[in-house]
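These are the residues of each chain, in order.
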Amino acid sequence: MEMNARDRDLVEVMKRYFAVKAEVEDVKIRLEAARRESGEEIEVFYNPRINIDHATDILHSHSLKQELARLMDWAEAWGRQDLATDPA
C-alpha cells in the first residue's frame, strides 16, 4: 500500500490527536486530584474565574479539548473525502 501526501497528513493529525489526548488526561488527573483535596464542588472548582489557583490548567484543558475536536473533524473530513472517491 502506497501512502500519498493526504495519507501522511492523516497520520500526523492522528499522532497529534493522541498526544493531545494524553495531555488532556494528565491535566484532568492533576485537576481532579486538586479538586478532591480541596473538597470544592465541581462547578466551583472548574470555574476559572473563581479558582484562580488552577485557572491556567482549567483553561488549558478547554483549549486542548477544542484542539481534539478540530483534529477529529479533520480526520472525519479526510475519511468522508476518501469514501467519496472510493470506486467500490
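Refer to the structure above for everything that follows.
Residues numbered from 1 in each chain as written. Predicted model: local features only at pLDDT ≥ 70, side-chain atom pairs only at ≥ 80, totals over all residues. Heavy atoms only, no water.

Peer 1: Summarise the overall build of the chain; cite the residues concerned and give the values.
Peer 2: Scanning the chain from N- to C-terminus turns up three helices and zero strands. Ordered by position in the sequence, the α and β elements of the chain form the string α-α-α. Expected size for 88 residues packed as a compact globule is a radius of gyration near 12 Å; at 18 Å, the chain overshoots this value by more than 25%. With the C-alpha coordinates of the chain rotated into their principal frame, the extents come out at 55 × 20 × 20 Å. When burial is assessed residue by residue, the chain has 26% of its 88 residues classed as buried. Taking as baseline every contact in the chain between residues at least 6 positions apart, the subset at least 24 positions apart corresponds to 59%. In the form shown here, the chain has an accessible surface area of approximately 6700 Å², with 55% of it arising from carbon and sulfur atoms. Taking the average location of the 13 positive side-chain charges in the chain and that of its 19 negative ones, the two points are 1 Å from each other. (Helix = DSSP H or I, 4+ residues; strand = E, 2+ residues; numbered from the N terminus. Rg over C-alpha atoms; globule rule 2.2 N^0.38 Å. Buried < 20%, exposed > 50% of the residue type's maximum accessible area, 1.4 Å probe, protein only. Contact = heavy atoms within 4.5 Å. Areas by Shrake-Rupley, 256 points an atom, 1.4 Å probe, with all protein chains shown as cover. Lys, Arg positive; Asp, Glu negative; His and termini not counted. Charge placed at Lys NZ, Arg CZ, Asp CG, Glu CD.)

Peer 1: Break down the packing of aromatic side chains for me, citing the residues and quoting the values.
Peer 2: Given two aromatic rings, one states the distance between the centres and the angle between the planes to describe the pair. Scanning all chains against the criterion turns up two aromatic pairs. Aromatic pair Tyr-17 and Phe-18: ring centres 5.2 Å apart, planes at 90°, arrangement edge-to-face. Between Phe-45 and Tyr-46 the ring centres are 5.1 Å apart and the planes differ by 80°, which places this aromatic pair in the edge-to-face class. The exposure class assigned to Phe-45 is buried, which follows from its relative accessible area of 3%. (Phe/Tyr/Trp six-rings, centres within 6.5 Å; stacked < 30°, edge-to-face > 60°.)

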